Amino acid sequence: MTLKRLILGPFETNCYILVSDSLKAVLIDPGSEPEKITQVIKKNLLKPYFIIHTHGHIDHIGADRNFSLPIYIHKEDLPLLKDPVLNLSKFFTEPFTVNSEIFTLEDRQEIKLDEIRLKVIHTPGHTPGSICLSILDDKEKILFSGDTLFFSGIGRTDLVGASYRKLIDSIKTKLFLLDDDTVVYPGHGVKTTIGREKRENPFLKNG
Ligand SMILES: [Zn+2]
Ligand SMILES: [Zn+2]
């Protein structure tokens, strides 16, 4: 498996493309600038199979309509794909809804594409249906953390449906069970590790 990171749109959202050895691809959070994603797909001869969303905010879902691919999202964030107020597009861009075929995810569900195996970790807080995705692999310990956990930061909880208490609880009781050397790829900003955030993250290090 190889991993590509694209930084897209005014919110500098990280879109990750996971590529299998046979060039099948998963798009995680294609949030905007679809032409940049298409360029990477064409240049590397990738065959995208589906999209997974860490949550349903517009800066993570905004390019969905440009790809006729099935979409995976946690069941509790499904309403965000259908409502421009809940996905915040009404306030930041044109009102946006997703028309693609949608499959809902649950906690602990596994998603497979060739040798790529992802496990869903439901981490409510930033949105009710926020998820993180961990790679099930002996060699690489990787977590895609969406807007739940950042380098020295955590997701916003001042938006509709958010909960600060649930966010902190999700991180401490689910993400901090992962090995310290797990590499964390967040929805915005640079990568980090679980161990570093346990030690250094000002929102999490005490208690
Ligand atoms: Zn968000
Ligand atoms: Zn975001």
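Preceding block: the structure.
Draft legend 1. The arrangement of the coordination of the zinc ion (ligand 1) in detail. At this site the zinc ion (ligand 1) is bound by H55 (NE2), H57 (ND1), H126 (NE2) and D147 (OD), with donor distances of 2.1 to 2.5 Å. Viewed at the metal, the four donor atoms of the zinc ion (ligand 1) are separated by angles of 89 to 171°, and the geometry they form is irregular. If you look at the zinc ion (ligand 1) and the zinc ion (ligand 2), they sit 3.5 Å from each other and are both ligated by D147. With H126 in the loop between β8 (116–122) and β9 (131–135) and D147 in the loop between β10 (142–146) and β11 (149–150), this residue pair connects regions lying 21 residues apart in the sequence. Here the two residues H126 and D147 agree in accessibility, since each one is buried.

Draft legend 2. Up close: the side chain of D147. There is no salt bridge for the buried D147, and the closest opposite charge comes from R156, which lies 8.3 Å off by N-O distance. A polar side-chain atom of D147 sits 3.1 Å from a polar atom in the side chain of H60. Those residues within four positions of D147 in sequence are excluded, and the remaining contacts are H55, D59, H60, H126, I154, G155, G187 and H188.

Draft legend 3. Spatial organisation of the nonpolar core. Formed by 24 residues in total, the largest nonpolar core has its most connected members in L6, I17, L27, I37, L46 and F67. Mapped by element, the contributors of at least two residues to this core are β1 (2–8), β2 (13–19), β3 (24–28), α1 (34–43), α2 (58–61) and β5 (71–74). Ignoring anything within four residues of it in the chain, the contact list for I17 reads T2, L3, K4, L6, A25, V26, L27, I37, V40 and L46. Formed by 19 residues, the second largest nonpolar core is a distinct cluster that contains L113, I116, L118 and L133.

Draft legend 4. Fine view of the sheet that holds β5. With mixed pairing, six strands are arranged side by side in an open sheet as β1-β2-β3-β4-β5-β6. Of all the strands in the sheet, the pair left with one neighbour each is β1 and β6 (102–105). Neighbouring strand axes in the sheet, compared pairwise and without regard to direction, differ in orientation by 25° on average. Against the sheet, α1 contacts β1, β2, β3 and β4 (47–52), and its axis sits at roughly 155° relative to β1.

Draft legend 5. Highlighting the pattern of salt bridges. Throughout the structure, instances matching the rule amount to ten salt bridges. For K36, the salt bridge identified is with E33, shortest N-O distance 3.3 Å. Classification of K36 by relative accessible area gives partly exposed; the value is 34%. Under the relative-accessibility criterion, E33 is labelled partly exposed at 24%. Across the salt bridge formed by K174 and D107, the nearest N and O atoms sit 3.8 Å from each other. Taken together, the positions of K174 in the loop between α5 (164–173) and β13 (183–186) and D107 in the loop between β6 and β7 (110–113) put the pair 67 residues apart, joining distant regions of the chain.

Draft legend 6. Local environment of the side chain of S170. Here S170 lies in helix α5. Polar contacts involving the side chain of S170 include one to the main-chain carbonyl oxygen of P124, which spans 2.7 Å. When near neighbours in sequence (up to four residues on either side) are disregarded, S170 contacts T123, P124 and L175.

Draft legend 7. Here's a closer look at the coordination of the zinc ion (ligand 2). Protein-derived ligands of the zinc ion (ligand 2) are D59 (OD), H60 (NE2), D147 (OD) and H188 (NE2), with the metal-ligand distances lying across 2.1 to 2.3 Å. Here the zinc ion (ligand 2) binds four donor atoms, and the angle range of 88 to 158° at the metal identifies the geometry as irregular. All donors of the zinc ion (ligand 2) belong to a single chain; written as a sequence motif, their spacing is D-H-x86-D-x40-H.

Draft legend 8. Spotlight on the packing of aromatic side chains. What the rule picks out here adds up to six aromatic pairs. Pairwise contacts between aromatic rings join Y16, F144 and Y185 into one cluster. Directly above the ring of F151 sits R196, whose terminal nitrogen or CZ lies 3.8 Å from the centroid.

Thresholds, definitions, all that
- Residues numbered from 1 in each chain as written.
- Chains lettered and ligands numbered in written order.
- Predicted model: local features only at pLDDT ≥ 70, side-chain atom pairs only at ≥ 80, totals over all residues.
- Heavy atoms only, no water.
- Donors = N, O, S within 2.8 Å, 3.2 Å for Na, K, Ca; no water.
- Tetrahedral: all angles 85-135°; square planar, octahedral: opposite > 155°, others 65-115°.
- Helix = DSSP H or I, 4+ residues; strand = E, 2+ residues; numbered from the N terminus.
- Buried < 20%, exposed > 50% of the residue type's maximum accessible area, 1.4 Å probe, protein only.
- Lys, Arg positive; Asp, Glu negative; His and termini not counted.
- Salt bridge = Lys/Arg side-chain N within 4 Å of Asp/Glu carboxyl O.
- Polar contact = N/O pair within 3.5 Å; in protein donor to acceptor, adjacent residues only side chain to side chain.
- Contact = heavy atoms within 4.5 Å.
- Core = buried A, V, L, I, M, F, W, Y, C linked by side-chain atoms within 4.5 Å.
- Pairing = 2+ DSSP bridges.
- Axes fitted to C-alpha atoms, helices over the stretch in contact; angles between N-to-C directions.
- Phe/Tyr/Trp six-rings, centres within 6.5 Å; stacked < 30°, edge-to-face > 60°.
- Lys NZ or Arg CZ within 6 Å of the ring centre and 35° of its normal.

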